[in-house]
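One-letter residues, chain by chain:
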Amino acid sequence: MANNSDLTDEYVLSTQLLSDGEPTRCATIHSGSDKILELLSGSQGGIISKFILPDSNDSQKQSADASNGGGGLEIQPGGANTRHPHQITAILSSSSLKTNLVSSIYVTGCKDGKIRVMDGNTHELKEVLEGHSNAVTSLTWILPQNESAKPWLVSGSWDGTAKIWDIFQNNNSSICIGTLAGHENTVSVAGLPAESDSIRKVVTVSAGIAEGNSIRGHTVRIWTLSDNGANNDITSKIVAQVSNDHSGPMRDVCYDADTHSIYTCSNDGTVKIRSAEDGKCIETLVYPGYDQPMLLSVCVVGSGATKAVVVGAEDGNVAIFNIGQQKQGEAQVIGHPGCVWNVIPLGSTGDFVSSCHDGNIRIFTRHASLAASPEVLKAFNDAVTEAKAVRSTGPSAEEIAKLPKWEMNALTQGRSEGQVQVFQKDGKAIAAQWSASSRTWIEVGEVTGTNENAGTLNGKQYDHILPIEVDVPGGGVQKLRIGYNNGENPFVTAQEFIDEHMLDQNYLPQIADYIRQRAGQSGPTIGMGAGGSTAATNSSSGGMGAPSYASEPAVPMDITPTYDHLPMKGYKTFESGIDKKGLSKVVQKIREFNDSVSSNQLSTGEAGETLDSLANTLSVTNRYHSSTISMAELAPLHTMISQWDATHAFPAIDLARIAVLHPDAAKSERRAYWEEILGGALDMCLGLGDAAAKEVAVPMLTMRLIANSYKGGPGSDGAAGILIDKILDCAEACATSGNKNVRLSVATAILNTSSYMHASSTPFPSSVAMRVVDVVGTIAGCGKYETEPMVRSLVALGTVLLLPGGSGSEVKELAKERSIGSMVERVAAGHGEMASAVSKEIMSVLSTL
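Please read all numbers here as calculations on a predicted model, not as lab measurements.

Quick notes on the rules
- Residues numbered from 1 in each chain as written.
- Predicted model: local features only at pLDDT ≥ 70, side-chain atom pairs only at ≥ 80, totals over all residues.
- Heavy atoms only, no water.
- Helix = DSSP H or I, 4+ residues; strand = E, 2+ residues; numbered from the N terminus.
- Expected span 1.5 Å × (residues − 1).
- Buried < 20%, exposed > 50% of the residue type's maximum accessible area, 1.4 Å probe, protein only.
- Pairing = 2+ DSSP bridges.
- Contact = heavy atoms within 4.5 Å.
- Arc of directions from axis to C-beta.
- Salt bridge = Lys/Arg side-chain N within 4 Å of Asp/Glu carboxyl O.
- Axes fitted to C-alpha atoms, helices over the stretch in contact; angles between N-to-C directions.
- Parallel < 35°, antiparallel > 145°, perpendicular 65-115°, else oblique.
- Left-handed = near helix turned anticlockwise from the far one by under 90°.
- Nonpolar A, V, L, I, M, F, W, Y, C, P; charged D, E, K, R; others polar.
- Polar contact = N/O pair within 3.5 Å; in protein donor to acceptor, adjacent residues only side chain to side chain.
- pLDDT = per-residue confidence, 0-100.

**Q** Would you take a moment to explain helix 15 (residues 787-801) for this structure?
**A** Helical geometry: 3.6 residues make up each α-helical turn, so side chains three or four residues apart lie on a common side. The end-to-end C-alpha separation of helix 15 is 21 Å, in line with the 21 Å expected for 15 residues at 1.5 Å each. For helix 15, the tally of buried residues reaches 13 of 15 residues, placing the bulk of the element in the interior.

Rendered as structure tokens:
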């Protein structure tokens, strides 16, 4: 057992645990079933990993000798359905609440804007909370002063809001009871002590907004939240705020009860310790070294003389500031093989956990008895050294081969006096400077790897080449690089990058700030890969004496491109005829056919009162939220669709098209019913054989029923999801129809199918997605489609290209092999501006492999 008698002055690695191999974004300490202590992590791949720690007493931790796969690793402990469609950006356990009033749960924040509540014992998904319009990146609890009252959850999002949730309702149905709006972009949150039984407090911090060439407006706000009792809402009030005392966006915030202080970290490389009463800065901690990296996460560990502030940085380091001693000294810096996204305390031990871009969770300790074995420490240090070395080498042979040859330098004219260009000479990269007076290039020296950010991009040499990983909507990562030369305007460079790659304009300040942080304010450097910038040399050094401004490793930014039309979100429906007049016509036609069928007729009551009752309920659309539909009212539809032939059953399909939009009719308990209804209609359509492309009523109404079923409710959309293969069979059979109404119905059914696949928590295999591509190919190839159905078909295609996970990547690969891009451009050219815009976005998606 570790105790304070074996404390060392500095932290060392204790445990190293590899999760699912994807970059690890967040972690939380959780007391699982049987009070077993667990370490839960969320990854960039949307996966939760669970590590069992040996003892429920958080002072007992495992030795790092069991690392690299040890620690009782379990990936997706709640099963496949718990995989998130985007990266998990926050995770929080209820174990920290220290109360018996709430059940064991943990919650996750995701890039898709949703919060998921997970069972703390089984790890199964309990509930999904919707309300944010962008990524949820910060979670905290806020407690009442009265210990008999339940805590609230607070979430911070990229949408500029924080939301207050009551997730411990007696009916297990969580509700949002308040929204804190008006923030400047991304919001981080931390709970504060309550003022009274009815007034709780929370602190929020924002990332700021672009003003000219700088980012301003990043603000600390302290809020009081007054409980209004039975109204399920709160009254919020800002009681203190402080703006712009960091020189860059704030990325995280935490609260420490021992010091009653708020801690904020920023892109400016500093941590500010603040009063929890008014938010004003008491002390500033500065990241050690010449260049201050972006600080992404902050936490406080230890107590008394061992109290420390820990920050995770994008440059691949953790810094520890010892604030428990009067003389703090220099902060300890622990290198990592990649960006450190998140740091959290390990209970009350004084140890901490880091979440790293290399996919590892690491525990660091001051207890000598808990230090990792020499072998594990060596492996860790070697990984850090190797990662740094990879970033510090000179241009690769491949990069040098792309450079213009020195022998042909006369063909490359400089633009201005002193311009630097890199050439290849004798297999090496050399820097040359343009002399305007002599109209020649003057060789300066070989380009070395002393500036680890320098290199070539698209045949051009830059002072800094910085990686940017772009999360593609729907899953997958587009790996890009941006080139920047010292002396250039970062905002101009960022804007050119946004234009080239069709990124959201809102990312301009974030990318520009990233460039400034990574490139620093150093002057141009000759002999270290400088290119395209005006530079001066030290003549006494043979051109190679310029100082090195090597910075720490650049780490991918976390940004997401947005498209105007892709992927499809939500569903388009066919709602014509949902009124008394329209429904009366359908019911009358059913009665006519009921009299003429030779068998399986509806009873007098079914054809009369039952159908009238159903039609009356469906016609009053403004009461859908409160009206109900019984199975007795739905039973006649089942009889007609399953028992009547196509020439008599199509009015029943039309009535089912309307009924499926009623929430009660399509509720989850009726999935089996709708599976039979949809399956019966599809069988009827497919039963037409080659005539499916010539008939109108059954193909059109079946496709419209399918389209509406996705919108209806969990029963009908679940049934449609099970029948997707058959839906695609039917769509393919009807795709070349000569009737424009059928064509619109097919395109809409395919569009909604793609949207369902994209939003599904269960990934669809690429083989199913390629069937959507095939149907769109048939649509494009027949040459019959009008603009609106063609646009819908193209959006469906783009949506399956953006499927989450590996499926989307596989579909893109297969689509490229089939030259789908050429087909899309050809078809779009004849269908107007909207089709061209969608086509352009599809081409951009196809380029992100």
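From this point, the narrative continues.
**Q** Would you mind showing me how to read the sheet that holds strand 5 (residues 74-75) here?
**A** Backbone-to-backbone hydrogen bonds join strands into a sheet, with any given pair of strands oriented parallel or antiparallel. Within the open sheet, the four strands sit side by side as 2-3-4-5. Their pairing is antiparallel. Each edge of the open sheet carries a strand with a single partner, namely strand 2 (24-31) and strand 5. Looking at chain direction, strand 3 (residues 37-43) and strand 4 (residues 48-52) are connected through five bridges and run antiparallel. Within strand 4, the residue paired with glutamate 38 across the bridge is isoleucine 52.

**Q** Just to check I follow, could you spell out the side chain of asparagine 594 for this structure?
**A** Along the chain, the position of asparagine 594 falls in helix 5 (residues 580-596). Classification of asparagine 594 by relative accessible area gives buried; the value is 6%. Each residue touching asparagine 594, except ones within four places of it in the same chain, is listed here: Gln601, Leu602, Ala607 and Trp644.

**Q** What's the story with helix 5 in this structure? I'm lost.
**A** Given a rise of 1.5 Å per residue, 17 residues ought to cover 24 Å, and the 25 Å separating the end C-alpha atoms of helix 5 matches this to within 8%. Of all the residues in helix 5, the buried ones are Gly582, Leu583, Val586, Val587, Ile590, Phe593 and Asn594. Buried residues of helix 5, viewed axially, fall in a sector of 130 degrees; they line one side. Opposite its buried face, helix 5 presents the exposed residues Lys580, Lys581, Lys585 and Asp595, each directed more than 90 degrees away.

**Q** Sorry, what's going on with the pattern of salt bridges here?
**A** It is possible for side chains of opposite charge to pair when their charged atoms get near one another. Here the structure, examined in full by the defined rule, presents 21 salt bridges. Aspartate 245 serves as the salt-bridge partner of arginine 274, at 2.7 Å between the closest nitrogen and oxygen. Within this pair, whereas arginine 274 is found in strand 22 (residues 270-275), its partner aspartate 245 is found in the loop between strand 19 (234-243) and strand 20 (250-256), the two being separated by 29 residues in sequence. The partly exposed category is assigned to aspartate 245, whose relative accessible area is 26%. In this structure, arginine 657 and aspartate 654 form a salt bridge, with 2.7 Å as the shortest nitrogen-oxygen distance. Of this pair, arginine 657 and aspartate 654 both sit in helix 8 (residues 646-659), separated by three residues, roughly a single helical turn. Looking at arginine 657, the relative accessible area reads 4%, which means it is buried. Note on aspartate 654: relative accessible area 16%, which makes it buried. The network of salt bridges with common partners includes Glu38, Lys50 and Glu74.

**Q** It is not clear to me how the packing of helix 6 (residues 604-619) against helix 8 should be interpreted in this structure. Could you clarify?
**A** A pair of packed helices is captured by two measures, namely the crossing angle of their axes and the spacing between those axes. Interaxial distance between helix 6 and helix 8 falls to 10 Å at its minimum, and their mutual angle equals 40 degrees. The pairing of helix 6 with helix 8 is recorded here as oblique in orientation. For the crossing formed where helix 6 meets helix 8, the hand is left-handed. Contacts from Leu611, Leu614 and Leu618 in helix 6 reach Leu655, Ile658 and Ala659 in helix 8. Partitioned by chemical class, the residues of the contact of helix 6 with helix 8 number six nonpolar, no polar and no charged.

**Q** What should I look at first to understand the side chain of histidine 132 in this one?
**A** Note that histidine 132 resides in the loop between strand 9 (125-129) and strand 10 (136-142). Assessed through its relative accessible area of 9%, histidine 132 is described here as buried. Within the structure, the side chain of histidine 132 is placed 2.9 Å from the side chain of aspartate 159, a separation counted as a polar contact. Once residues lying within four places of it in the same chain are set aside, the contact partners of histidine 132 are Gly113, Ile115, Ser155, Ser157, Asp159, Thr161, Ala162 and Lys163.

**Q** Would you mind showing me how to read the confidence of the model for the protein here?
**A** Looking at the protein as a whole, the pLDDT averages 83, with 84% of positions reaching at least 70. Note that pLDDT drops below 50 for residues 56-70; the model gives that stretch 41 contacts with residues more than four away or on any other chain. When the criterion is pLDDT under 50, residues 521-556 qualifies, and its contacts beyond four places in sequence or with other chains add up to 111 contacts.

**Q** Explanation requested: unusual backbone geometry in the structure shown.
**A** For residues besides glycine, phi is generally negative; the peptide bonds are generally trans as well. Cis geometry marks the peptide bond from leucine 566 to proline 567, where omega comes out at -15 degrees. Mapping proline 567 onto the fold places it in the loop between strand 38 (557-559) and helix 5. In the Ramachandran plot, serine 819 falls in the positive-phi region, its phi being about 60 degrees despite a non-glycine side chain. Here serine 819 is to be found in the loop between helix 16 (805-817) and helix 17 (820-828).

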